[in-house]
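An overview of the molecular structure
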Amino acid sequence: MHETPVLQVKDLQARYGAVEALKGISLEVYPGEVVTMIGGNGAGKSTLMKVISGLEPAHSGSVFFKGQDITRMPGYLRVPLGIAQSPEGRQVFADQSVRDNLMLGAYHRKASRAELEHDIEAQFLAFPRLKERQHQMAGTMSGGEQQMLAIARSLMAKPQLLLLDEPSLGLAPLIVKEIFFIVRSLKQRDITILLVEQMANQALSVADRGYVLETGKITLEGSSAALRSDDKVRAAYLGSH
């Protein structure tokens, strides 16, 4: 691939005190790709997402967005640049309505009321259940509905890179299926996605490529098909099937 990556991470290190959470991570995400990062609990997946979105500082190494070095850029400046995150644990504004949550997703945009209304209707088209619940307080919805809202809210930012952090976390199997159907539909719309996920089978079924992260290091990378047929990946993350 000769085009400029949307996201390029080079030799990234991050620490929590004396604990090294990321030990020299390098990865690339190209326009229109869905790239997944799989790994167990404590592998460093969410730390990586937080460093990319500017919520945690990098200890060393670099993060480039569309060729621009954003390693030291504050998080609030990365959203207008085109990076939006649907965070782990959903983190919707519980005491705000669904509609207000969506509006807050577009807070940085210099858009007219009509344009925002148009974009909200587009989200309601993609997420019909949110339309039904639009005046409901977000905190009273089910986990699955809150996850849909978190994704829709991040899309209101019109991102050029969508960071999806553990979208299946704590959801029932049937709802997980629905969430991954949504991720597939985003892929069909050519939205560039970095997906962090514990459910490796589902993640690899929707992604173009993947990286395996273990205790802060990338131990494997390749096409989704290659990773799904890799014996180590199958044994560690996909069960024996």
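Just above, that's the structure.
In this report, we go over the structure that sits alongside the text.

The rules behind the values
- Residues numbered from 1 in each chain as written.
- Predicted model: local features only at pLDDT ≥ 70, side-chain atom pairs only at ≥ 80, totals over all residues.
- Heavy atoms only, no water.
- Buried < 20%, exposed > 50% of the residue type's maximum accessible area, 1.4 Å probe, protein only.
- Helix = DSSP H or I, 4+ residues; strand = E, 2+ residues; numbered from the N terminus.
- Pairing = 2+ DSSP bridges.
- Contact = heavy atoms within 4.5 Å.
- Axes fitted to C-alpha atoms, helices over the stretch in contact; angles between N-to-C directions.
- Core = buried A, V, L, I, M, F, W, Y, C linked by side-chain atoms within 4.5 Å.
- Salt bridge = Lys/Arg side-chain N within 4 Å of Asp/Glu carboxyl O.

Regarding helix H1 (residues 45-53)
The buried fraction of H1 amounts to eight of the nine residues, a majority that puts the element mostly inside the structure. Where H1 terminates, the next one or two residues include Gly-54, which has phi positive at roughly 90°.

Overview of the sheet that holds strand S5 (residues 68-69)
Strand-to-strand pairing in sheets goes through backbone hydrogen bonds, with the strands running parallel or antiparallel. Spatially, four strands are ordered S2-S1-S4-S5 in an open sheet, and the strand pairing comes out antiparallel. Each edge of the open sheet carries a strand with a single partner, namely strand S2 (19-29) and S5. In the sheet, strand S4 (residues 60-65) pairs with S5 via two bridges, with the strands oriented antiparallel. Bridging from a neighbouring strand, Phe-64 pairs with Asp-69 of S5. This element, H1, spans strand S1 (7-16), S2 and S4 of the sheet and lies at about 115° to S1.

Considerations on the nonpolar core
In terms of nonpolar packing, the biggest core is built from 41 residues, with Phe-127, Leu-130, Leu-149, Leu-186 and Ile-193 touching the most fellow members. Elements with a minimum of two residues in this core: strand S3 (34-38), helix H3 (98-105), helix H4 (113-126), helix H6 (143-155), strand S7 (161-165), helix H7 (173-188), strand S8 (193-197) and helix H8 (200-206). Discounting residues that sit within four places of it in the chain, Leu-186 has contacts with Ile-151, Leu-155, Leu-162, Ile-191 and Ile-193. The next biggest cluster of nonpolar side chains, apart from the first, holds 28 residues, and it includes Val-6, Met-73, Ile-83 and Leu-163.

Thoughts on the sheet that holds strand S9 (residues 209-214)
Read from one edge to the other, the open sheet built from six strands follows the order S6-S7-S8-S3-S9-S10, with strand pairing classed as mixed. Since the sheet does not close on itself, it has two edges, and those belong to strand S6 (83-86) and strand S10 (217-223), each with one partner. Averaged over all pairs of adjacent strands, the angle between strand axes in this sheet comes to 15°, irrespective of strand direction. With four bridges joining them, S7 and S8 adopt parallel strand pairing. Residue Leu-163 lies in a different strand from S8, and its bridge partner there is Leu-194. Its contacts with the sheet place H6 against S6 and S7, and it is angled at close to 175° to S6.

A word on the pairing of S8
Side-chain positions along a regular strand alternate between the two faces of the sheet. Summarising burial for S8: five of the five residues are buried, a large majority. Burial along S8 is two-sided: Ile-193, Leu-195 and Glu-197 facing one way and Leu-194 and Val-196 facing the other are all buried. In this sheet, S8 lies alongside S3 in parallel orientation, the contact comprising five bridges. Across the sheet, residue Ile-38 finds its bridge partner in S8, namely Glu-197.

Points about the pattern of salt bridges
For the structure on display, the rule yields 13 salt bridges. Ionic pairing is found between Arg-99 and Glu-121, a salt bridge with its closest N-O pair at 3.8 Å. Taken as a pair, Arg-99 in helix H3 and Glu-121 in helix H4 lie far apart in primary sequence, 22 residues in all. Under the relative-accessibility criterion, Arg-99 is labelled buried at 16%. Between Glu-132 and Arg-133 there is a salt bridge, with the nearest N and O atoms lying 3.9 Å from each other. Under the relative-accessibility criterion, Arg-133 is labelled partly exposed at 24%. What emerges from the salt-bridge pattern is a single network uniting Arg-99, Arg-113, Glu-117, Glu-121 and Lys-131.

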